[in-house]
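# Structural overview for review
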Amino acid sequence: MQVNSVQIKNATAIVTGASSGIGLAFASLLAQKGYNLLLIARNINKLNDLAKTLSTQYDTQCNVLSIDLSEENASKKVLEYIITNNLNISVLINNAGFSGNYKFLEADWSQLSKELNVMSIAVTELCYLIAPLMEKNSWGRIINVSSGAAYLPPTQSLLYTGLKSYVLNFSQSLDMELKPKGINVTALCPGFTRSEFHNTMGTNKQVSKVPNFLWQAPDQVALEGWHAVMKGHPVCIPGLINKIIISTSRHLPLNLQYNLGKLMNPFK
Ligand SMILES: NC(=O)c1ccc[n+]([C@@H]2O[C@H](COP(=O)([O-])OP(=O)(O)OC[C@H]3O[C@@H](n4cnc5c(N)ncnc54)[C@H](OP(=O)(O)O)[C@@H]3O)[C@@H](O)[C@H]2O)c1
């Protein structure tokens, strides 16, 4: 088995949100690299189909766990599964995520808390529970999927930009603490990526106006993220165009950033 420069017996990679988009691309990439997989999402049929394809194609061992990461104790159930099945975890891809498309006071609290739980609590708790398993091998790689939105002016997509900013900052701090233990942490900040994301958010119509050159394929995003974490980069902004947009917008005066954010209204 080829697990880069480090040989860890039966190394397993966890991928959350593996049933589509960027998570599915990570699962395929890591299977190709020789990792066994623990695939996590809610849609068990999609996970089973993916597991079947990858185990046939790459002779990799695929475990599937259907779990709603917004539920209390979801991360603890992931740990229980790992212990029960004696999995040797060396990679964690915290990728599951979505954006709600509603106004704050018009949203049900259950909608808002789902977003908070999946993209902050579950991301944080999985790092907390899984990193000690990597520490035992003095080797681990963690990618937390943030977004280019974490760098851009806050828009009216409510919780999303704030949550992704949290993931970006949390990941960098965690990298500082864990790198001396052999565990690299990278915040992956994609721009527009072809996936189910906008379908779920209900913004297909709005993003159909986004020019083609601004979009990336999920495979490309996953590959750039993987190279970044292997090189020990705490942040990865995939795609040259995204790097240019983010570095330019960060230098704008704060007032202008705020007003630009207001223009990017997903409810229009
Ligand atoms: N696409 C973009 O333009 C873009 C840009 C920047 C950042 N991102 C980020 O990239 C990540 C992946 O998104 P994507 O673009 O690949 O979108 P996607 O195709 O919609 O995939 C989202 C994944 O998250 C899983 N998921 C959602 N809610 C979940 C829950 N409660 N419990 C468990 N799994 C859940 C979904 O699986 P189930 O429905 O089966 O549970 C699915 O596998 C997200 O964190 C997103 O914020 C996307």
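Residues numbered from 1 in each chain as written. Predicted model: local features only at pLDDT ≥ 70, side-chain atom pairs only at ≥ 80, totals over all residues. Heavy atoms only, no water.

Taking an unreviewed UniProt entry as the reference, the protein chain is identified by name as Putative short-chain dehydrogenase belonging to Acinetobacter baylyi.

To continue, consider a nonpolar patch on the surface. Taken together, the side chains of Phe213, Ile241 and Ile245 make up a nonpolar region of the molecular surface, amounting to roughly 270 Å² of accessible area. Mapped onto the secondary structure, Phe213 falls in the loop between α7 (204-207) and α8 (218-231). Judged by relative accessible area, Phe213 falls into the exposed class, the value being 58%. (Patch = residues over 30% accessible without salt bridge, like charges linked within 9 Å, V, L, I, M, F, W, Y side chains within 5 Å. Areas by Shrake-Rupley, 256 points an atom, 1.4 Å probe, with all protein chains shown as cover. Salt bridge = Lys/Arg side-chain N within 4 Å of Asp/Glu carboxyl O. Helix = DSSP H or I, 4+ residues; strand = E, 2+ residues; numbered from the N terminus. Buried < 20%, exposed > 50% of the residue type's maximum accessible area, 1.4 Å probe, protein only.)

On to the pairing of strand β5 (residues 140-145), then. Within β5, six of the six residues are buried, which leaves it mostly tucked inside the rest of the structure. Alternating residues of β5 divide into Gly140, Ile142 and Asn144 and Arg141, Ile143 and Val145, and every residue in both groups is buried. Inspection of the sheet shows strand β4 (residues 88-94) paired to β5 by four bridges, in the parallel sense. Within β5, the residue paired with Ile93 across the bridge is Ile143. After leaving β4, the chain enters helix α4 (residues 109-135) and then returns to the sheet as β5, a path that is right-handed. As paired elements, β5 and strand β6 (residues 183-188) share six bridges and run parallel to each other. (Pairing = 2+ DSSP bridges. Right-handed = clockwise from strand over helix to strand, strands pointing away.)

The strand order across the open sheet formed by seven strands is β3-β2-β1-β4-β5-β6-β7, and the pairing between neighbours is parallel. Single-partner strands in this sheet number two, and they are β3 (62-66) and β7 (235-236). Of the strands in this sheet, β1 (11-16), β2 (36-41), β3 and β4 are in contact with helix α3 (residues 74-84), which crosses β3 at around 150°. The sheet contacts of α8 involve β4, β5, β6 and β7, and relative to β6 the element is tilted by about 145°. (Contact = heavy atoms within 4.5 Å. Axes fitted to C-alpha atoms, helices over the stretch in contact; angles between N-to-C directions.)

Before going further, it helps to examine the pattern of salt bridges. Applying the stated criterion across every chain yields a total of four salt bridges. A salt bridge links Lys76 to Glu125, with the nearest nitrogen and oxygen atoms 2.9 Å apart. Within this pair, whereas Lys76 is found in helix α3, its partner Glu125 is found in helix α4, the two being separated by 49 residues in sequence. Lys76 sits in the partly exposed class, given a relative accessible area of 40%. A salt bridge links Lys181 to Glu135, with the nearest nitrogen and oxygen atoms 3.0 Å apart. Of the two residues, Lys181 sits in the loop between α5 (159-178) and β6 while Glu135 sits in helix α4, which places them 46 residues apart along the sequence. Overall, the relative accessible area of 35% leaves Lys181 in the partly exposed class. Given the relative accessible area of 37%, Glu135 is considered partly exposed.

It is a general feature of regular strands that their side chains alternate between the two faces of the sheet. Among the six residues in β6, six count as buried, and that is most of the element. Because side chains alternate across β6, one face comprises the buried residues Ile183, Val185 and Ala187, and the other comprises Asn184, Thr186 and Leu188, equally buried. Two strands pair when backbone bridges link them, and β6 and β7 are joined in this way by two bridges, in the parallel orientation. Among the inter-strand pairings, Leu188 is bridged to a residue of β7, identified as Cys236.

Taken together, 31 residues surround the ligand, and among them Ser19, Ser20, Arg42, Tyr160 and Ser195 come closest. Between an oxygen atom of the ligand and a main-chain N or O atom of Gly191, the distance comes to 3.5 Å. Across the complex, the protein chains shield 93% of the 880 Å² of accessible surface that the ligand would expose by itself. Its residues assigned to classes, the shell around the ligand comprises 13 nonpolar, 14 polar and four charged. (Near = heavy atom within 4 Å. Polar contact = N/O pair within 3.5 Å; in protein donor to acceptor, adjacent residues only side chain to side chain. Nonpolar A, V, L, I, M, F, W, Y, C, P; charged D, E, K, R; others polar.)

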